[in-house]
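# Summary of the model geometry
Listed here are the chains, written in short residue letters.
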Amino acid sequence: MSQVLEFERCDLDIKSNKRSHHTEQNGEDRLIVRRGQPFSLVLHLKAGSPEFNPEETSFTLIVETGDAVYMRSETKRQEYVLSQHGLLYRGSATRIHHKPWNFSQFEPGILDICLKILDEGLNVVSDTDQDCSERRSPVYITRVLSAMINSNDNEGVLVGEWAEFEDGVHPSTWIGSGDILRQWADSGPVCYGQCWVFAAVDCTVSRALGIPCRVVTNFSSAHDGNGNLLIEKMYDEDGERLEDPDSVWNFHVWVESWMARPDLEQAGFDGWQVSDATPQETSEGVFCCGPVPVSAIREGELTKKFDAPFVFAEVNADVVEYVKLSTGDFVKFSGSTDSIGQNISTKAVGRDKRRDITHHYKYPEGAIKRNETSTEPALCCAYLCCIEKLLFLKLKYSDYGKVISPDRMIQLTAFVNDKENREYHKAEKLIVLDEPDLEVKLTGEARVGQPLTAELCLLNPLPEALQDCSFTLEGVGLTQEKPITIKYVSLVLQGGLNSTFYFFLKIVRTFGQSWWLLILFQGWGPWLQSRKPRLVSSCHPGRRASLCFWWTSTATS
């Protein structure tokens, strides 16, 4: 008769396991391990229990795991799972700007908030048991997040808004995900978000849950509202845009998540998957989008789950423009086959540089895919004689300064109507105003427990003084989990001159060997902004970090 081993307790070996699984940043009070990687347990026998002899005594632990999100490259895992800061790209295809962002996925309490997001999904309400079973699938998790980061169908994280912001926070003001997620956990949907905010928060939650994720920007991004893979723009005879379901965004932002796709039952679709939390169209009755393989978009495999036709149109749709005549007839006058889906961008691995990944989504314009032949007729060119007349339009700051939005963009459209010959011509120009440079200098070496002075220098580019100015500072593990805003209500910056501000900082804890301090300047209404990430080197690696501020400041012109 075999003897029974009796155990007194089980030691989860938290410190060692969390170090090997790179989850030590989640705190020290509980064990968090990653699927597909070994971990150790220490079992302590009760007093009087038979002695354990490996040659004679055996017992079995059954643990079912798998790793559908495994990424071989350690460098990429550091970037797409462990990195807590990054760059988001906005602007236009010809004027690309980056926006620093703190993802904060390892900040205290964030993991629990991410699990709460899953617990409040629509699928939990409809079938709790099925939801619990499906959580082993990153495809399922990604689709739930796509629906829960917006609040169109539930009490999700963010409320989208593109016009009125008086009763909330303008989307351009956010500089990190942590504050948004904490506000949602405390009081429900947060006002407001737009595409880059939805995507950045989605990226934070995905990384917190162990899914490799990156934020991607598509410039000149199509919104195909009727599913015909065409963007049809309608105008009246005076050039005024008519209401239609289609549109083209100067940029749109989504995320890519790395995972296997066994549900597609066909090889070649593992890897990066597109999902989009911005509520544009419904999918299976819910405002969500994806995940769909990037490779399926490139190859035109539009039957692959989920929402392949919509994403394909975002990067590949043709544009056709019509004028609606007084008779009700439509006249096609312009179009484009190559203006959609330009300079698709994401942050490079291990560097604060932009990486162009347009080739992941589509072949070069005009290229013929392998095993295909061209059926396009040869092009004939005709040269017409015409009279060119140049018209000059001068945009004065006094005209646009008070009405420009925080996006700092001006859309110019010229429409020519020859009613006699029924000929119409249109030209557009998107102007993106540059942010003023914000120079950040640290005077002296950063040391734990020692005061440190940061010098911020800003050049006012406007022909008038700035009032009601503020600086917002945030750093992962630095600002005690919340951004710090310093307002200068009566401060006046003289137009065209530099102004310098001094902040006295004290680093009380350090995490790793470096961290990012992100600084946002606002003045003269919310549209004049400048963001600057500052890499601060630490001399005390391996300890957590926070940054406490006390300030007296001066401004010189």
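Residues numbered from 1 in each chain as written. Predicted model: local features only at pLDDT ≥ 70, side-chain atom pairs only at ≥ 80, totals over all residues. Heavy atoms only, no water.

### A look at unusual backbone geometry
Most peptide bonds take the trans configuration, and most residues that are not glycine carry a negative phi. In this structure, Pro291 follows Gly290 across a cis peptide bond, with omega equal to 5°. A cis amide bond links Lys305 with the next residue in sequence, Phe306, at an omega value of -5°. Structurally, the position occupied by Phe306 is in the loop between helix H9 (294-299) and helix H10 (308-316). Even without a glycine there, the phi angle at His22 is positive, about 55°. You can see His22 is positioned in the loop between helix H1 (14-20) and strand E2 (42-45). The residue Ser104 is not glycine, and still its phi comes out positive at about 60°. Along the chain, the position of Ser104 falls in the loop between strand E4 (95-102) and helix H3 (110-119). Looking at Ser104, the relative accessible area reads 4%, which means it is buried. (Helix = DSSP H or I, 4+ residues; strand = E, 2+ residues; numbered from the N terminus. Buried < 20%, exposed > 50% of the residue type's maximum accessible area, 1.4 Å probe, protein only.)

### Comments concerning the environment of Phe7
Mapped onto the secondary structure, Phe7 falls in strand E1 (residues 7-11). Taking the C-alpha atoms as reference points, Phe7 and Ala47, 40 residues apart in sequence, are found 8.8 Å from one another. Once you skip the residues sitting within four places of it in the chain, Phe7 turns out to touch Leu43, His44, Leu45 and Lys46. (Contact = heavy atoms within 4.5 Å.)

### Concerning the side chain of Ser345
Within the element layout of this structure, Ser345 appears in strand E16 (residues 342-347). From its side chain, Ser345 meets the backbone oxygen of Asn343 in a polar contact 2.6 Å long. Setting aside residues up to four positions removed in sequence, Ser345 forms contacts with Tyr89, Ile96, Val215, Val216, Thr217, Phe219, Arg354, Arg355 and Ile357. (Polar contact = N/O pair within 3.5 Å; in protein donor to acceptor, adjacent residues only side chain to side chain.)

### With respect to the packing of aromatic side chains
Here the structure, examined in full by the defined rule, presents 14 aromatic pairs. Ring geometry for Phe415 against Tyr424: centres 6.3 Å apart, planes inclined by 35°, an arrangement best described as tilted. Here the aromatic residues Tyr235, Phe333, Phe415 and Tyr424 are joined through ring pairs into a cluster of three or more. Its end group placed over the ring of Trp196, Arg90 keeps NZ or CZ at 4.4 Å from the ring centre. We note Arg207 situated over the ring of Phe103; from NZ or CZ to the ring centre the distance is 4.7 Å. (Phe/Tyr/Trp six-rings, centres within 6.5 Å; stacked < 30°, edge-to-face > 60°. Lys NZ or Arg CZ within 6 Å of the ring centre and 35° of its normal.)

### Focus: the pattern of salt bridges
Opposite charge on two side chains permits pairing when their charged atoms draw close. All told, the structure shown has 16 salt bridges when counted by the stated rule. When the shortest N-O distance is used, the salt bridge between Arg354 and Asp356 registers 3.6 Å. Via salt bridges that share partners, Glu79, Lys347 and Asp352 belong to a single interconnected network. (Salt bridge = Lys/Arg side-chain N within 4 Å of Asp/Glu carboxyl O.)

### Considering the UniProt feature "active site" (unreviewed entry) in the protein chain
Within this numbering scheme, the UniProt entry marks Cys195, His252 and Asp276 as carrying the feature "active site" (unreviewed entry). Across 82 residues in sequence, these annotated residues keep their C-alpha atoms within 9.8 Å of one another, forming a single compact spot. The subset of these annotated residues that lines the largest pocket comprises Cys195 and His252. Contact partners of Cys195, with chain neighbours within four places excluded, come to Phe251, His252, Val253 and Thr278. Following the sequence through the fold, His252 ends up in strand E9 (residues 247-259). By relative accessible area, His252 is classed as buried at 2%. (UniProt positions renumbered as here; feature names shortened; annotations may be inferred. 1 Å grid on protein atoms, 1.4 Å probe; cavity = no way out; pocket = protein on both sides within 12 Å on 5 of 7 lines; lining within 4 Å.)

### Side note on the environment of Pro262
By the secondary structure assignment, Pro262 is in the loop between E9 and strand E10 (271-275). Between the alpha carbons of Pro262 and Ala68 there is a distance of 8.9 Å; along the sequence they are 194 residues apart.

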